[in-house]
Amino acid sequence: MKVKTLRGPEVDLPSEVLDGLKLQLSGSAIFASDAEYEESRTVWNGMINHKPAFLVRCIGVSDVITCVQFARKHDLLLCIKGGGHNIAGLATADGAMMLDMSLMRGVWVDPQEKVAHAQAGCLLGDVDSETQVHNLAAVLGFVSRTGIAGLTLGGGFGYLTRRWGWASDNVVGMDVVTAEGKLVHASEKENADLFWGLRGGGGNFGIVTRFDYRLYPMGSEIVGGPVAWPASEAPRVLKLYRELTENAPPELTLAILMRPAPPAPWLSKEHHGKPVVIMIACYSGDPELGVEIVAPIKSLGNPIGDVMTRRPYTQLQSLLDATQPKGRRYYWKSEYLPAVEDGLCQKVMKHASNIPSPHSAVILFHIAGALNGLKDEHSPVGNRDARYVLNLAGSWENEDEDQVNIDWARCAWGDMKSFSTGGTYINFLVEDEGPERIEAALGKGLKRLSEIKAKWDPDNVFRINRNIKAAK
Ligand SMILES: Cc1cc2nc3c(=O)[nH]c(=O)nc-3n(C[C@H](O)[C@H](O)[C@H](O)COP(=O)(O)OP(=O)(O)OC[C@H]3O[C@@H](n4cnc5c(N)ncnc54)[C@H](O)[C@@H]3O)c2cc1C
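Conventions and cut-offs
- Within every chain, residues take consecutive numbers counted from 1 along the sequence as written.
- The model is predicted, so local features are restricted to residues of pLDDT at least 70 and side-chain atom pairs to those at 80 or more, both for listing and for counting; the totals for chains, interfaces and linings are taken over all residues.
- Only hydrogens and water are removed before side-chain values are computed, so all heavy atoms of the structure are retained for them.
- We place a 1 Å grid over just the protein atoms. Points where a 1.4 Å probe fits but has no way out form a cavity, open points with protein on both sides within 12 Å along at least 5 of 7 lines form a pocket, and any residue with an atom within 4 Å of a point lines it.
- Grid points are joined across faces, edges and corners, and a volume is the space filled by probe spheres set on the points.
- Note on residue categories: nonpolar means Ala, Val, Leu, Ile, Met, Phe, Trp, Tyr, Cys or Pro, charged means Asp, Glu, Lys or Arg, and polar means any other residue, Gly included.
- Think of it in three bands: residues with accessible area under 20% of the maximum for their type are buried, residues over 50% are exposed, and the middle band is partly exposed, with areas taken using a 1.4 Å probe on protein chains only.
- Under the scheme used here, helices are H or I runs from DSSP no shorter than 4 residues and strands are E runs no shorter than 2 residues, and both carry numbers assigned from the N terminus.
- Paired strands, as defined in this entry, are two strands with at least two bridges between them according to DSSP.
- Interaxial angles span 0 to 180 degrees and are taken between N-to-C directions of axes, which are lines fitted to C-alpha atoms, for helices over the stretch in contact.
- Should any heavy atoms of two residues lie within 4.5 Å, those residues are considered in contact.

What follows is about the layout of surface pockets. Looking at the second largest pocket, its volume works out to about 360 Å³. Lining the second largest pocket are 22 residues; nearest its centre among them are Glu 39, Gly 83, Leu 123, Arg 145 and Lys 326. The residue makeup of the lining of the second largest pocket, split by class, is five nonpolar, nine polar and eight charged.

For the rest of this paragraph, the subject is the pairing of strand β20 (residues 361-366). Counting buried positions along β20 gives six out of six residues, so the element sits mostly inside the fold. Side chains Ala 361, Ile 363 and Phe 365 of β20 all project onto a buried face; the interleaved residues Val 362, Leu 364 and His 366 project onto the opposite face, where all are buried too. Relative to strand β21 (residues 388-396), β20 runs antiparallel, the two being bridged by six bridges. When the sheet's bridge partners are listed, His 366 is paired in β21 with Tyr 388.

Read across the sheet, five strands follow the order β7-β8-β12-β10-β11 without closing on themselves; strand pairing throughout is antiparallel. Looking at the sheet topology across the chains shown, the edges are occupied by β7 (107-110) and β11 (183-186). With strand direction ignored, the average angle separating the axes of adjacent strands in the sheet is 15°. Judged from the four bridges that link them, β7 and strand β8 (residues 115-119) form a sheet pairing that is antiparallel. Its bridge partner being in β8, Val 107 is matched across the sheet by Ala 118.

All buried positions along helix α13 (residues 435-442) are accounted for by Arg 437, Ile 438, Ala 440, Ala 441 and Leu 442. Where α13 is buried, its residues touch β19 (329-337), α12 (402-416) and α14 (446-456).

Let's shift gears to empty space enclosed by the protein. If you roll a probe as big as a water molecule over the atoms, it shows you where there is empty space left. Applying the stated rule across the entire model yields one cavity of 30 Å³ or more. The space that makes up the largest cavity amounts to roughly 30 Å³. In terms of lining, the largest cavity is formed by Gly 154, Gly 200, Tyr 336, Val 381, Asn 383, Thr 424, Tyr 425, Ile 426, Ala 441 and Leu 442. Residue composition of the lining of the largest cavity, grouped by class: six nonpolar, four polar and no charged.

Any functional reading would require information that these geometric values do not contain.
Next up, the structure:
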């Protein structure tokens, strides 16, 4: 079997060498001829179509160590798949050996210490379900099928970020398999440099096998969900969004989506496909109070759909899943914003009005709060001046529609980027974004990251990521 090497040329691995690997594994090695290959090799973004030479579905830490040692021995190009949701397809690479972590989805909650120990193949929903058993929650993202690993290693924001910061601000420890194939622990006390680098610098320094998340009390019920209006109401809705977010208590997170209405059951058929503006709320404090706080949203004009209500926290966490299926084609452009200015609102409406696909959206997320209270140096995520995230989220079905949809996102972004803080979110970067965008995402931390890379992965074994150059 031919596999790409770190030096570039392919190496031919004889079958007895691969048999030797299989004997050492608790999990399984999967080849292109196996039925499971297709599911493992494909990722969320249907634009990405890489074919690794073979994959290993790891069962536990010892499999990860075995794989790293095997890859090092034969100088193989390695890629690591968590939830496979990275839009740039950084979980996969042609001709590589892939470590598929998707069978490592155990979560153990310590309710006394308020910590969740989550294996690195978990999806967000795995952690949410287990922590909610104890009326606790971790800071994670908005779509339950996303992998915790890529999300946390790049920062991670969601409905609880306003209260407690990036997901990575709330990691208290990680187990990591290093480029030498050794297991180490990283925390403030142990291997603190590695710990710092992994909380925003991606998988550049090792393979995380377990994340330990700080948890917070969270009753099983929140007030949340969407309210929708026809796009003609957008000026009033955006004005309200701006007023509410400027003064919102940290328990309240609001997002805006402008898009063609999805065929969702809470929107009547006559509106499907028509341009709408949607506000999504999560009030994570006392639900009685939450109902009062979201009342001005629900009473604005004449909504065409309203399911902003008391509901289980885990339900809200998976509410958007169906809008983001695996295999569709996706292209995003994103910026951090310091504010939602009038001029920006005009552009949001303008570019939402010419979306070329029924699935695409212009999205604003409010993230201001706890993350602004820490210094940039706290972690490589930096960007502590970010108060909103703008995402031009292109999403469509067919290859022959690529250009028009990519052009839409690029054009809207070009027209709106003057409103940016100058920073962008590393986890929203697409394949064609290069070093200047990584600089915009990690700028202030890059020097320190390159020193950490030189110490922990001088040979750049972990390179299928937003790759950090090792300092000389
Ligand atoms: C539908 C959707 C919704 C999203 N919503 C949010 C959101 O609400 N908030 C937010 O912050 N982000 C969000 N994101 C972005 C998300 O954070 C990134 O896509 C992230 O990369 C997903 O992680 P993953 O494990 O699924 O990624 P993968 O594609 O599996 O991996 C991404 C990168 O991480 C590396 N990696 C994976 N596992 C490990 C590991 N165990 N050790 C070391 N490196 C590893 C991979 O090698 C790769 O470089 C969303 C993305 C999608 C597609």
